[in-house]
Amino acid sequence: MMRLVLVGTSHHHAPVELRERVALDPARSTELATRLGEAVCLSTCNRTELYVAAEDADDAEQRAVAALAALEPEVERALYRLRDQAAALHLFRVAAGLDSLVPGEGEILGQVRAAYDAGTAGPLLHRVFRHALHAGRKVRAQTAIGESPASVSSAAAALAEQVFGDLDGCDILLIGAGKVSGQAARNLRSRGARIAFVADSKTDRRRIEDELARADVVVSSTSSTGYVLDAATVERARRGRQLLLIDLAVPRDLDPSIHDLDGCYLYDIDDLEAIVAETLAGRRSEAERAESIVSAEADKFHEWQASLEIVPAIASLRARAEEIREQELAKAEAMLGRLDESQRRAVESITAQIVNKLLHLPTVRLKQAAAAADGVIYAEAVRHLFGLGEEER
Amino acid sequence: MAELLFWPALLLYGEAAVGYFGDARHPGAAGRAATWSVRLGWLVQTALLAVQAVRDDGFPWGTWAASLNLFVWLVVGAYLIWGCRRPYRLLGLVVMPLAAVLLVVARAGGGTSVGTRSHYSNLFLAAHVGLVLVALAGFTLAAALSALYLWQERRLKRRAATILRRPAPALATLDRLAFRTVVVSVPALTLGIAVGLGRLVARHQRVDALVVATLVTWVVWTAYLVLRAMGWSGRRASYVALAGFVLVVIVRLVLPETHFA
């Protein structure tokens, strides 16, 4: 029977200096997967994992470990090795974003899909990856784990959407160009806003006021020791329009009393960090619900995999029963020959129903036993009791 | 038959109200279930109105209670246009309890049964009652949107740390939707009033308190549009909308007895 083997490392086990040495681009991931047989290589900035399906799990694990160690020998001590249900559960958690640095981040689902598409999946890996993608989508649909921003820059963009809705056509005035304000501006741009003007310390104050009159969002992050914009300037320039101001500077660039103006919403770095902390707390509480969804999906996968052990035994049992039924009907041919066509069909139907009813409960019990990890024992017992396969021997 | 349809409609609206309350506390399944309840409840109420229309020979919503039944249907129908979207579920927290209560009031006044007759002509009732009800339903929705605007604005002003955990529709969207709803509703009210006044003058009847209140309502909502054209928006416009809604309540619930009599 095919077994599922996982070997990999992630941000939980290895620092970035180590992870970057085993990180693989899509072409090399595909190449490695091809080399391992039926395999998928998932390589992101937070993890490099090899999922391998093979009859011999020990051999598959050794080959996977060797493949990663060939990239960087030191990684071997940071590798985790999981099999079957544990490996599937891990993949489901990864796809749902539950194993990510920021719980619920959405990018990972696309990365799992890309890895699956680029891998050399066979029946088992097809099944487990499709199931994982389904679990990931289900978690996103049924929980709010991925809906709230997880960084100051994305929180700023999300706030702008709370004020303006669609950011298409919104103008951003960027005052100063720090790292975080640049990220915030990029985040706003990715949602459709436009950077109308970037002001620096040399920009004329009058020009800033002119740009302020057109701006919808102001992002400020300078090293100025005084206020770059005060309430009077903002009131004069904005002419009654709504304005979101994001002050990422310490000391602050924007006069706090701007927030008191009608239609003006000023958020400083502390406000944004409080929002991020709150949303992360929300993600963690949603993660509990997500874990139960993932766990239920992993159980379903386990049941499917376990049923593979028992399916041949059930098929043999049914075939044997059908064979006996047909033999007995053939023996009774002399008597049945006197019956007309409809009577013959009735006898056929009754005998088939007797066989089905007799085998129904054993079939159900065998599947239950397979799910409870006793499948192999029960399958052997059935083969022994009914003499299945003895004719061939 | 009408009786059989009233109770499921009320139960579904009630379930929706409870569901939206649950969704406000823990967003998710309760909100989805509530939205389905609104859809099903509205379909059941549609069937109820259809039964009334078939059984009665003519326009069956000529009494104030029956017109309240139609009004609830219009409000919920208008809410359904946006209410299926997740951020607007919050609006259901206001609309659905109101719908459930008004449906009960309509039943108490006999507005959900069959056999109500009016001595007015069908054309007059459809034009006058229909248009006025469409307008009042629109104003109710605009007021709900404005209330949501003020709540969302207050959250932004308070810099609530939870603001992104329970996102609401954007301020600009709420402002725009409220305005558009009023833009459609004011002409409907104008026409409805014109039809009513035309008949009043033709028959030399007296102006009653409801007619006066309706005219004041028309003035307030028309002023809303004028002020918007003058540049009012956001918080100030929302307060005007809420003031207009107070008049809608008076017109819809406090004064109608005398007028319909």
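Keep in mind that what you see is a predicted model, and the values were worked out from it rather than measured. (Residues numbered from 1 in each chain as written. Chains lettered and ligands numbered in written order. Predicted model: local features only at pLDDT ≥ 70, side-chain atom pairs only at ≥ 80, totals over all residues.)

Right, let's talk about the overall build of chain A for a bit. Per the secondary structure count, chain A includes 14 helices and nine strands. Considering only residue pairs separated by 6 or more positions, chain A has 73% of its internal contacts joining residues 24 or more positions apart. (Helix = DSSP H or I, 4+ residues; strand = E, 2+ residues; numbered from the N terminus. Contact = placed C-beta atoms within 7 Å.)

Quick look at the interface of chain A and chain B now. Taken residue by residue, the interface counts 24 residues in chain A and 18 residues in chain B. Listing elements by their share of the side of chain A that touches chain B, those giving two or more residues are helix 7 (152-164), strand 9 (264-268) and helix 11 (269-331) of chain A.

Turning our attention to the sheet that holds strand 8 (residues 243-247) of chain A. Residues and elements named next belong to chain A. Read from one edge of the open sheet, five strands run 6-5-7-8-9, paired in parallel fashion. Of all the strands in the sheet, just strand 6 (194-199) and strand 9 have a single pairing partner and so form its edges. This sheet shows a mean twist of 15° between the axes of neighbouring strands, independent of strand direction. Together, strand 7 (217-220), strand 8 and strand 9 form the strand contacts of helix 7, whose direction differs from that of strand 8 by roughly 165°. Along the sheet, helix 11 makes contact with strand 8 and strand 9, crossing strand 9 at roughly 80°. (Pairing = 2+ DSSP bridges. Axes fitted to C-alpha atoms, helices over the stretch in contact; angles between N-to-C directions.)

A few words on the pairing of strand 5 (residues 171-175) of chain A. Residues and elements named next belong to chain A. Counting buried positions along strand 5 gives four out of five residues, so the element sits mostly inside the fold. Pairing between strand 5 and strand 6: five bridges, direction parallel. Its bridge partner lying in strand 6, Leu173 is registered against Phe197. Read from strand 5 through helix 8 (residues 179-190) to strand 6, the crossover connection turns out right-handed. Bridge analysis of strand 5 against strand 7 gives four bridges, and the strand direction is parallel. Its bridge partner lying in strand 7, Leu173 is registered against Val218. (Buried ≥ 20, exposed ≤ 12 C-beta atoms within 10 Å, placed from the backbone. Right-handed = clockwise from strand over helix to strand, strands pointing away.)

Attention now goes to unusual backbone geometry. Going from Val250 of chain A to Pro251 of chain A, the amide bond is cis rather than trans, its omega being 0°. Inspection of the secondary structure puts Pro251 of chain A in the loop between strand 8 and strand 9. The phi angle at Asp84 of chain A is positive, at roughly 45°, despite the residue not being glycine. Relative to the assigned elements, Asp84 of chain A resides in helix 4 (residues 84-95). Residues other than glycine seldom take positive phi values, yet Arg159 of chain B does so here, at roughly 50°. With respect to the secondary-structure elements, Arg159 of chain B resides in the loop between helix 5 (122-158) and helix 6 (171-202).

Here we come to helix 3 (residues 64-83) of chain B. Owing to its 3.6 residues per turn, the α-helix brings residues three or four apart onto one side. For helix 3 of chain B, with 20 residues, the first-to-last C-alpha span of 27 Å sits near the 28 Å given by 1.5 Å per residue. Of all the 20 residues making up helix 3 of chain B, 15 are buried; the element is thus mostly covered by neighbouring parts of the structure. (Expected span 1.5 Å × (residues − 1).)

To continue, consider the sheet that holds strand 2 (residues 39-43) of chain A. All names here are of chain A. In spatial order, the strands read 2-3-1-4; together these four strands make up an open sheet with antiparallel pairing. Whereas interior strands pair on both sides, the edge strands pair on one side only; in this sheet they are strand 2 and strand 4 (80-83). Strand-to-strand, the axes of this sheet are offset by a mean angle of 15°, without reference to chain direction. Along the sheet face, helix 4 touches strand 1 (3-10), strand 3 (47-54) and strand 4 and points at about 50° away from the line of strand 1.

Turning to the packing of helix 6 of chain B against helix 7 (residues 209-229) of chain B, a few remarks are in order. Residues and elements named next belong to chain B. Across the interface, helix 6 lies against helix 7 with an axial gap of 10 Å and an inter-helix angle of 145°. Two packed elements cross with a definite hand, and for helix 6 against helix 7 that hand is left-handed. Contacts between helix 6 and helix 7 involve Phe179, Val182, Val183, Ser185, Val186, Leu189, Thr190 and Ile193 from the first element and Thr214, Leu215, Trp218, Trp221, Thr222, Tyr224, Leu225 and Arg228 from the second. For the contact of helix 6 with helix 7, a count of residues per class yields 11 nonpolar, four polar and one charged. (Left-handed = near helix turned anticlockwise from the far one by under 90°. Nonpolar A, V, L, I, M, F, W, Y, C, P; charged D, E, K, R; others polar.)

All names here are of chain A. Where helix 2 (residues 26-36) is concerned, the buried positions are Ser29, Leu32, Ala33 and Leu36. Seen along its axis, helix 2 keeps its buried residues to an arc of 100°; they face one direction. Summarising the geometry of helix 2, the exposed residues directed more than 90 degrees from the buried face are Ala27 and Arg35. At its buried positions, helix 2 is contacted by strand 2, strand 3, helix 3 (57-71) and helix 5 (107-118). Directly beyond the C-terminal end of helix 2, a positive phi value near 95° is found at Gly37. (Arc of directions from axis to C-beta.)

Next up on the list: the pairing of strand 9 of chain A. Residues and elements named next belong to chain A. The element strand 9 is largely enclosed, with a buried count of five among its five residues. In terms of strand pairing, strand 8 meets strand 9 through five bridges, oriented parallel. The residue bridging Leu244 from the neighbouring strand is Tyr265, located in strand 9.

As a further point, take the packing of helix 7 of chain A against helix 8 of chain A. Residue and element names in this part refer to chain A. Their axes nearest at 8 Å, the elements helix 7 and helix 8 cross at an angle of 45°. With respect to helix 8, the axis of helix 7 lies oblique. Crossing handedness for the pair helix 7 and helix 8: right-handed. Residue-level contacts link Val152, Ser153, Ser154, Ala156, Ala157 and Ala160 of helix 7 to Val180, Gln183, Ala184, Asn187 and Leu188 of helix 8. (Parallel < 35°, antiparallel > 145°, perpendicular 65-115°, else oblique.)

What follows concerns the confidence of the model for chain B. Residues and elements named next belong to chain B. Looking at chain B, pLDDT values average 85 and 91% of them are 70 or higher. The spread of mean pLDDT over the elements of chain B runs between helix 9 (residues 256-260), the lowest at 61, and helix 7, the highest at 92. Here the predicted complex scores 0.67 on pTM and 0.75 on ipTM. (pLDDT = per-residue confidence, 0-100.)

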